[in-house]
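In case you want the letters, here they are:
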Amino acid sequence: MNNVRCEVLIIGAGPAGMAAALAASESQKHIVMLDDNPRPGGQIWRDGPAAVLPTLAQFYRQAITALDNVTLLSGTKVVAQSGPQQLLYENDKGCGTIDYQRLILCCGARELLLPFPGWTLPGVTGAGGLQAQIKNGLSLQGERVVIAGSGPLLLAVADSVTQAGGKVTLLAEQASVTSLARFASGLWHWPEKVRQSLRLMNRHYRANSYVLEAQGQQRLTAVRVQQGGKVRTIDCSRLACGFGLVANIELAMLMGCRIENAAIAVDDMQQTSITNLYAAGECTGVGGSELALAEGAIAGYAASGNIASARALLEKRSKWQRFAAAVSQTFVLNPRLKTLGTADTFLCRCEDVSLGQISRHKGWTAAKLNSRCGMGACQGKICATAARYLLDWPLPQPRVPLTPVRLETLVNLTPQPPKDIN
Amino acid sequence: MKLISLTIAGLPCQVQEGITVAAALSASGQDHCRISVSQQPRAAFCGMGVCQECRVIIDGIQRLACQTLCQGGMKIERSGNK
Ligand SMILES: Cc1cc2nc3c(=O)[nH]c(=O)nc-3n(C[C@H](O)[C@H](O)[C@H](O)COP(=O)(O)OP(=O)(O)OC[C@H]3O[C@@H](n4cnc5c(N)ncnc54)[C@H](O)[C@@H]3O)c2cc1C
Ligand code: FES
């Protein structure tokens, strides 16, 4: 056990967490920032042998390293709440508790991954998932890659694929040409984004298109896609699919925070429904790194008592909130995507439970009792998120530990049993 | 570029320093990490520590391949349905 104590605890070292740490550090309080990835940066600024970090990311990293009142614990997961104002963590060195006075959740978002026939074949990954692997050293030399799903992230992924030596043969965006055109015509409000989209535009980008099936025996060999009115089969060795992002709210749900629109509800100062508990970045609603940075800084200032500096950032936050709203309007998912999976397509990848087995139940409790769906290693983070979209079932209340942990860590959650019975 | 040596399923190999175990498995030509409940091969899927599909045994301990960096001398084994 290695127990830690701090004044401000930040969960997540993505843009929101880093901005929060930097802002809160001005108060000279002792800050701990904890993140499960081996290096800081979150989803967008993922460092690795094949990643070149943008200047802004380097600025945040260097600024935080230079501060002696901020401690960064990488490769460390929060797995439970172990007492009032106390969380339990685990890393490869062991486990321990962290006591805090103020907590800022900057847990980010994950991809919405939807089931379709063949989605469990090796070679099929999340879109951001493939990008993460590339940044972490995966080479795609000589590979043919199809990217499918929805949202601006697909373009960033295509760029990473090309840089890793892969060939993007199709980038299937499910949104319609009309909504993409409407979005493009409003982009001038955010000149930074115009530059970014021009740089990332890909000649294989097709609107009104979506994946129907991944084919192959032991590994992916081809995909069938609906492209406008036509169905095409395309040979490829990788399919990267992402249907937008969903906020990581499990820890907040566990702590009893109010949830609104599938994200952590916060007030003007990024405070949640619980005193001393703040949240910032994509766990409060998906909106991109610029919004995450603004929210993170506001939360960092507010949590360290510097309300004036927090207020000075409200306008900046509004600007990026408007952008986030435009993005979510553009990439609304076509209800057709709810019908991609067949009765024997697995919904739950951990326990291999099919859509047919689950759709006969009324809700999570019955489905879990009868099929073990959602009770496997990912604790429903993939299937329950998909079921929320497919079947309108609310996410089940998360269970402790939030992620599989070693026995030694689990022991610290429950009161120690008496040593000798007789 | 610095290379480090490790073993994957008992076979010695060299990988670039700084890459994750998931990337090393993929570079080995066999990217699957585990065998599922119904005996299907599964590989890293979300790439970000959420789906748990990439769990492997590293030096005897179950860990996520996508969030673990390769270290010299590591012994990486694919995992069965655990
Ligand atoms: C896979 C993926 C790839 C993306 N790539 C791009 C891109 O290339 N370009 C772009 O503009 N946008 C990208 N985005 C959008 C991106 O999410 C945001 O722009 C930005 O990263 C959000 O910042 P954040 O700080 O809110 O969250 P994140 O960057 O998501 O950071 C949250 C961090 O908290 C960690 N965490 C969560 N829960 C716990 C816990 N219990 N214990 C320990 N650590 C925890 C996460 O692992 C993560 O490192 C991507 C999103 C995803 C999901
Ligand atoms: S690939 Fe999903 S947890 Fe590693």
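Computed from a predicted model, the values in this text were never measured in an experiment.

Participant: How should the overall build of chain A be read in this particular structure?
Facilitator: Scanning chain A for helices and strands turns up 14 helices and 23 strands. For 422 residues, the compact-globule formula gives about 22 Å, and the C-alpha radius of gyration of chain A, at 22 Å, lands near that figure. The principal-axis extents of the C-alpha atoms in chain A amount to approximately 65 × 60 × 40 Å. When the 422 residues of chain A are sorted by exposure, 58% land in the buried category. A separation of at least 24 residues holds for 65% of the contacts in chain A among residues at least 6 apart in sequence. Accessible surface computed for chain A: about 18100 Å², of which carbon and sulfur atoms make up 53%.

Participant: Looking at this model, I keep getting lost on the UniProt feature "domain: FAD/NAD(P)-binding" (unreviewed entry) in chain A. Mind explaining?
Facilitator: UniProt records the feature "domain: FAD/NAD(P)-binding" (unreviewed entry) for residues 7–294 of chain A in the present numbering. Overall, residues 7–294 of chain A shows 26% helix and 32% strand. The separation of its end C-alpha atoms is 22 Å.

Participant: Can you help me understand the site of ligand 1 in this one?
Facilitator: Around ligand 1 sit 31 residues, and of these A:Ala16, A:Asp35, A:Asp36, A:Gln43 and A:Glu282 come closest. At the site occupied by ligand 1, the surrounding residues belong to chains A and B. In the environment of ligand 1, an oxygen atom lies 2.4 Å from a nitrogen or oxygen atom belonging to the side chain of A:Asp36. In this structure, an oxygen atom belonging to ligand 1 sits 2.9 Å away from a main-chain N or O atom of A:Gln43. In isolation ligand 1 exposes 970 Å². Once the protein is present, 91% of that is buried. Elements that contribute at least two residues to the shell around ligand 1 include exactly helix 1 (15–25), strand 5 (76–83), strand 9 (109–111), helix 3 (127–135), helix 4 (153–163) and helix 8 (289–303) of chain A.

Participant: Teacher, can you tell me more about the pairing of strand 6 (residues 86–91) of chain A here?
Facilitator: Two faces, one strand: in a regular strand the side chains alternate between the faces of the sheet. Residues and elements named next belong to chain A. Burial runs high along strand 6: six of the six residues are buried. Of the two faces of strand 6, both are covered, the one formed by Gln-86, Leu-88 and Glu-90 as well as the one formed by Leu-87, Tyr-89 and Asn-91. Sheet topology places strand 5 next to strand 6; six bridges connect them, and they run antiparallel. Pairing of Lys-77 across the sheet is with Glu-90, part of strand 6.

Participant: Would you explain the sheet that holds strand 14 (residues 209–215) of chain A in this entry?
Facilitator: For sheets, the rule is that strands pair by backbone hydrogen bonds, running either parallel or antiparallel. All names here are of chain A. If you trace the three strands from one edge of the open sheet to the other, you get 14-15-16, paired in antiparallel fashion. Strands at the two margins of the open sheet, each flanked by one partner only, are strand 14 and strand 16 (230–235). The mean inter-strand angle of the sheet, taken between neighbouring strand axes irrespective of direction, is 25 degrees. Of the strand pairs in this sheet, strand 14 and strand 15 (residues 222–227) are connected by six bridges, and their pairing is antiparallel. Bridge assignment links Glu-213 to a residue of strand 15, and that residue is Arg-224.

Participant: Got a minute to help me understand the sheet that holds strand 10 (residues 124–126) of chain A in this structure?
Facilitator: All names here are of chain A. The strand order across the open sheet built from five strands is 10-17-11-12-13, with neighbouring strands paired in parallel fashion. Of all strands in the sheet, those with a lone pairing partner are strand 10 and strand 13 (205–206), marking the two edges. The pairing of strand 11 (residues 144–149) with strand 12 (residues 167–173) spans six bridges and is classified as parallel. Across the sheet, residue Ile-147 finds its bridge partner in strand 12, namely Leu-171. Running over the sheet, helix 4 touches strand 11, strand 12, strand 13 and strand 17 (238–242) and is turned about 175 degrees from strand 12.

Participant: Sorry if this is basic, but what is going on with the side chain of B:Gln52 here?
Facilitator: Within the secondary structure layout, B:Gln52 lies in the loop between strand 4 (41–43) and strand 5 (55–58). Setting aside anything within four residues of it in sequence, one finds B:Gln52 in contact with A:Ala377, A:Cys378, A:Thr403, A:Pro404, B:Arg34 and B:Leu64.

Participant: What should I look at first to understand the packing of helix 1 of chain A against helix 2 (residues 55–66) of chain A in this one?
Facilitator: The angle between the axes and the distance between the axes are what describe a pair of packed helices. Residue and element names in this part refer to chain A. For the pair helix 1 and helix 2, interaxial distance at closest approach is 10 Å and the crossing angle is 45 degrees. The angle between helix 1 and helix 2 places the two elements in the oblique class. Every pair of crossing elements has a handedness; the one defined by helix 1 and helix 2 is left-handed. The segment helix 1 lies against helix 2, with Met-18, Ala-19, Ala-21 and Leu-22 engaging Phe-59, Tyr-60, Arg-61, Ala-63 and Ile-64.

Participant: Got a minute to help me understand the domain arrangement of chain A in this structure?
Facilitator: By convention, interface size is frequently given as the accessible area that disappears when the constituent parts associate. Split by domain assignment, chain A resolves into domain 1 (2–110 + 246–327), domain 2 (113–243) and domain 3 (337–391). Distance between the C-alpha centres of domain 1 of chain A and domain 3 of chain A: 31 Å.

Participant: For this particular structure, what's the right way to read the interface of chain A and chain B?
Facilitator: At the junction of the two partners, chain A supplies 39 residues and chain B supplies 34 residues. Here chain A meets chain B over a buried area of about 2900 Å², counting both sides, of which 53% is carbon and sulfur. Scanning the region where chain A abuts chain B turns up five salt bridges. Inspection of the region where chain A meets chain B yields 15 residue pairs in polar contact (both at pLDDT 80 or more). Elements that contribute at least two residues to the side of chain A that touches chain B include exactly strand 9, strand 10 and helix 3 of chain A. The class makeup of the residues in the side of chain A that touches chain B is 15 nonpolar, 12 polar and 12 charged.

Participant: For this particular structure, what's the right way to read the packing of helix 1 of chain A against helix 8 of chain A?
Facilitator: All names here are of chain A. One way to put it is that helix 1 packs onto helix 8 with a least axis distance of 7 Å and a crossing angle of 35 degrees. The crossing of helix 1 and helix 8 is right-handed. In this structure, helix 1 contributes Pro-15, Ala-16, Ala-19, Ala-20, Ala-23 and Ala-24 to the contact, and helix 8 contributes Ser-289, Ala-292, Leu-293, Gly-296, Ala-297, Gly-300 and Tyr-301. In the contact of helix 1 with helix 8, the residues fall into 10 nonpolar, three polar and no charged.

Participant: Please clarify how the pattern of salt bridges should be interpreted in this entry.
Facilitator: Any two side chains of opposite charge can pair, on the condition that their charged atoms come close. Inspection of the entire model under this criterion finds 18 salt bridges over all chains. Notably, a salt bridge pairs B:Asp31 with A:Arg219, separated by 2.7 Å at the nearest N-O pair. Taken together, the positions of B:Asp31 in the loop between helix 1 (21–27) and strand 3 (32–35) and A:Arg219 in the loop between strand 14 and strand 15 put the pair across two chains. In this structure A:Arg219 comes out as partly exposed when scored by relative accessible area, which is 26%. Salt bridges sharing common partners tie together A:Arg349, A:Asp352, B:Arg34, B:Arg42 and B:Glu53.

Calculation notes
Residues numbered from 1 in each chain as written. Chains lettered and ligands numbered in written order. Predicted model: local features only at pLDDT ≥ 70, side-chain atom pairs only at ≥ 80, totals over all residues. Heavy atoms only, no water. Helix = DSSP H or I, 4+ residues; strand = E, 2+ residues; numbered from the N terminus. Rg over C-alpha atoms; globule rule 2.2 N^0.38 Å. Buried < 20%, exposed > 50% of the residue type's maximum accessible area, 1.4 Å probe, protein only. Contact = heavy atoms within 4.5 Å. Areas by Shrake-Rupley, 256 points an atom, 1.4 Å probe, with all protein chains shown as cover. UniProt positions renumbered as here; feature names shortened; annotations may be inferred. Near = heavy atom within 4 Å. Polar contact = N/O pair within 3.5 Å; in protein donor to acceptor, adjacent residues only side chain to side chain. Pairing = 2+ DSSP bridges. Axes fitted to C-alpha atoms, helices over the stretch in contact; angles between N-to-C directions. Parallel < 35°, antiparallel > 145°, perpendicular 65-115°, else oblique. Left-handed = near helix turned anticlockwise from the far one by under 90°. Domains from an automatic or database assignment. Buried area = accessible area lost by both parts, 1.4 Å probe. Salt bridge = Lys/Arg side-chain N within 4 Å of Asp/Glu carboxyl O. Nonpolar A, V, L, I, M, F, W, Y, C, P; charged D, E, K, R; others polar.

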